[in-house]
Amino acid sequence: DAGVIQSPRHEVTEMGQEVTLRCKPISGHNSLFWYRQTMMRGLELLIYFNNNVPIDDSGMPEDRFSAKMPNASFSTLKIQPSEPRDSAVYFCAITSATDTQYFGPGTRLTVL
Amino acid sequence: DQQVKQNSPSLSVQEGRISILNCDYTNSMFDYFLWYKKYPAEGPTFLISISSIKDKNEDGRFTVFLNKSAKHLSLHIVPSQPGDSAVYFCAASGSGGSNYKLTFGKGTLLTVNP
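Cut-offs applied
Residues numbered from 1 in each chain as written. Chains lettered and ligands numbered in written order. Predicted model: local features only at pLDDT ≥ 70, side-chain atom pairs only at ≥ 80, totals over all residues. Heavy atoms only, no water. Phe/Tyr/Trp six-rings, centres within 6.5 Å; stacked < 30°, edge-to-face > 60°. Helix = DSSP H or I, 4+ residues; strand = E, 2+ residues; numbered from the N terminus. Buried < 20%, exposed > 50% of the residue type's maximum accessible area, 1.4 Å probe, protein only. Salt bridge = Lys/Arg side-chain N within 4 Å of Asp/Glu carboxyl O. Lys, Arg positive; Asp, Glu negative; His and termini not counted. Polar contact = N/O pair within 3.5 Å; in protein donor to acceptor, adjacent residues only side chain to side chain. Contact = heavy atoms within 4.5 Å. pLDDT = per-residue confidence, 0-100. Pairing = 2+ DSSP bridges. Axes fitted to C-alpha atoms, helices over the stretch in contact; angles between N-to-C directions.

1. Digging into the packing of aromatic side chains
Reasoning step 1: Applying the stated rule across the entire model yields 12 aromatic pairs over all chains.
Reasoning step 2: Ring centres 5.1 Å apart and planes at 40° place the aromatic pair Tyr35(A) and Phe103(A) in the tilted group. With Tyr35(A) in strand β4 (residues 31–38) and Phe103(A) in strand β10 (residues 101–103), this pair connects stretches of sequence that are 68 residues apart.
Reasoning step 3: You can call Tyr35(A) buried: its relative accessible area is 0%.
Reasoning step 4: Given the relative accessible area of 11%, Phe103(A) is considered buried.
Reasoning step 5: An aromatic cluster of three or more residues is present, and its members are Phe33(A), Tyr35(A), Tyr48(A), Phe91(A), Phe103(A), Tyr36(B), Phe46(B), Phe89(B) and Phe104(B).

Here it is in structure tokens:
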């Protein structure tokens, strides 16, 4: 079974601070996706990687957001500087051999 | 502009009865549709999918119906069980699979009462 570990599970920070969210696939995958969930906008795709290469980052809200995938087992989403409107749940998802997207448990970010 | 819409934020049904969750889409390029279920403090989990070449797909208690002309799909759960209580998301893709960008609806909270 495909699986994804996300850390931290909860993050509370102050406006202006840098935030780094981490995603670790624990099984093989083809693609990796970062989503954000808010009450207003629902689940939105921020960026996705195929074979560790960013393919579509059109959902990244602004330059304060950046994502990297240095290898097949690790990806980060960084917000610098963070703002209160960035408060949301951030999900990482991967696709398995069955071509289905499997989501991690998410990181709940609160920016004060 | 929302390309995938779930117009009912919530739905309440009695255990044993049928639950019907609806979803509408506007983008005619979508050709693959999925339903995800989400419990609190967990990520969405894949439930069932359907390709645009079909109009029905069934998996146990779950059936998804697709009406391409109306750009409408629905998820039927029968019989409903209390463990089905969750938020259900409809999602769509334009690439024939989910190994690409998914566009999600905002979800419908289903409550199944014992």
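2. Here's the deal with the pattern of salt bridges
Residue and element names in this part refer to chain A.
Reasoning step 1: Tallied over the full model, the rule gives 9 salt bridges over all chains.
Reasoning step 2: Notably, a salt bridge pairs Glu 83 with Arg 64, separated by 3.5 Å at the nearest N-O pair. One end of the pair, Glu 83, is in the loop between β8 (74–79) and β9 (88–95); the other, Arg 64, is in the loop between β6 (53–56) and β7 (65–71), and 19 residues separate them in sequence.
Reasoning step 3: A relative accessible area of 23% means that Glu 83 is categorised as partly exposed.
Reasoning step 4: With relative accessibility at 10%, the residue Arg 64 sits in the buried group.
Reasoning step 5: A salt bridge links Asp 86 to Arg 64, with the nearest nitrogen and oxygen atoms 2.7 Å apart.

3. A short note on the side chain of Asp56(A)
Reasoning step 1: Looking at the element boundaries, Asp56(A) is found in strand β6.
Reasoning step 2: An unpaired buried charge is present at Asp56(A): no salt bridge exists, and Lys101(B), the closest side chain of opposite charge, is 4.1 Å distant.
Reasoning step 3: Within the local environment of Asp56(A), its side chain forms a polar contact with the side chain of Ser58(A), the two groups lying 2.6 Å apart.
Reasoning step 4: Other than its neighbours up to four places away in sequence, Asp56(A) contacts Leu46(A), Ile47(A), Tyr48(A) and Lys101(B).

4. Digging into the confidence of the model for chain A
Reasoning step 1: Overall, the prediction assigns chain A a mean pLDDT of 91, with 96% of residues at 70 or greater.
Reasoning step 2: At the low end of the mean pLDDT range in chain A sits β6(A), at 89; at the high end sits strand β11 (residues 107–111) of chain A, at 97.

5. Some points on the sheet that holds strand β1 (residues 4–7) of chain A
Neighbouring strands of a sheet are bound in pairs by backbone hydrogen bonds; such pairs are parallel or else antiparallel.
Residues and elements named next belong to chain A.
Reasoning step 1: Judged by pairing direction, the sheet is antiparallel, and its 4 strands sit side by side in the order β1-β3-β8-β7 without closing on themselves. Two strands in the sheet have a free side with no partner beyond their single neighbour: β1 and β7. Across this sheet, the average inter-strand angle for adjacent strands is 15°, counted without regard to direction.
Reasoning step 2: Pairing of β1 with strand β3 (residues 19–25), which is carried by 4 bridges, proceeds in the antiparallel orientation.

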